[in-house]
Amino acid sequence: MENNNSTVVKEFILLGLTQSRNIQLLVFVLVLIFYFIILPGNFLIILTIRTDPGLTAPLYFFLGNLAFLDASYSFIVAPRMLVDFLSEKKVISYRGCITQLFFLHFLGGGEGLLLVVMAFDRYIAICRPLHYSTVMNPRACYALLLALWLGGFVHSIIQVALILRLPFCGPNRLDNFFCDVPQVIKLACTDTFVVELLMVFNSGLMTLLCFLGLLASYAVILCRVHGSSSEGKNKAVSTCTTHIIVIFLMFGPGIFIYTRPFRAFPADKVVSLFHTVIFPLLNPVIYTLRNQEVKASMKRLFNQHIA
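Attention in this report is confined to the structure presented alongside it. (Residues numbered from 1 in each chain as written. Predicted model: local features only at pLDDT ≥ 70, side-chain atom pairs only at ≥ 80, totals over all residues. Heavy atoms only, no water.)

## Brief notes about the state of the cysteines
What counts here: Cysteine sulfur pairs qualify as disulfides if the two atoms are within 2.5 Å. A helix here means a DSSP run of H or I that spans at least four residues, while a strand means a run of E at least two residues long, and both kinds are numbered starting from the N terminus. Note on classification: 1.4 Å probe, protein chains only; a residue is buried when its accessible area is under 20% of the maximum for its type, exposed when over 50%, partly exposed between these limits.
For the structure on display, the rule yields two disulfides. Disulfide partner of C97: C179, at an S-S distance of 2.1 Å. As the torsion about the S-S bond is roughly -120°, the C97-C179 disulfide counts as left-handed. Of the two residues, C97 sits in helix α3 (residues 94-127) while C179 sits in the loop between β3 (173-174) and α6 (181-185), which places them 82 residues apart along the sequence. Across the pair, C179 and C97 agree in class, each one buried. Disulfides within the protein link the bonded cysteines, taken in sequence order, as 1-3, 2-4. Between C141, a free cysteine, and C240, which holds the nearest cysteine sulfur, the sulfur-to-sulfur gap is 17 Å. Its sulfur unpaired, C223 is 9.7 Å from the next cysteine sulfur, which belongs to C127. The exposed category is assigned to C223, whose relative accessible area is 59%.

If you want it as structure tokens, here you go:
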């Protein structure tokens, strides 16, 4: 694929998660089982929130969007990874690689910003309850949703624009099971030091700042709740604890991958597997299992369909 930036590589060879056929088969079976059990659960969450008139609060609006983002995110890497487990030669085209990378960071960036919005929602609900209905009105919720989608797009398009300017003229073996910034950059036929710094700033610093900001905001909320004697204290603590768990699942692997120089570590592939396949499917389920209203609504929906 030759163009003005001297790119001649037409495809990348993915080295995969592991070279052991036994481990590949084991991971294939586990991921496939996990995928077909948890993914329908995410769509059930979306259906429940959309159909139950009692789940119209902003918290459930954003939870439904989280389930949608995570379900979409899981389609970027997992299906191709499962197919590649059964293939002798794991190949992805240059354009396919760039497309995968774009959607990976588009949806990943949007989800990170969604968790920030959800933290803001909980802060207003717990610390400014009298202003909640005014601040978090439907128009504001849709505006925040649009902003996080736009933020994810800007974040991702910056990554793609930087990579498209790099020349790829020789090596094409990616030491991973999908296309991501650290591995792709290392194959460029030029000095990538400046580009790596820009990538770390765009992905790593943003991830770290969001993570620290979210932890600080929930610390303030929990301190406020701890000093309260209201009846909803336990529910608020449970909700915030759930959010914090998801924050660690979402941002922990991202910080590990993107906030350091792009050097390979033995744990990279395992962390990437959880970051791109396992955790995105688990996040909405974790929220649901700790939310009594959503669980009760899902039971009613299930009973209606089997009655």
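Next comes the rest of the description.
## Things to note about the sheet that holds strand β1 (residues 11-14)
Our working rule: Strands are labelled as partners when DSSP assigns at least two bridges between them.
Read from one edge of the open sheet, three strands run β2-β1-β3, paired in mixed fashion. Looking at strand neighbours, the two that pair on one side only are β2 (91-93) and β3, the edges of this open sheet. Relative to β2, β1 is paired through three bridges, and the arrangement is antiparallel. Within β2, the residue paired with F12 across the bridge is I92.

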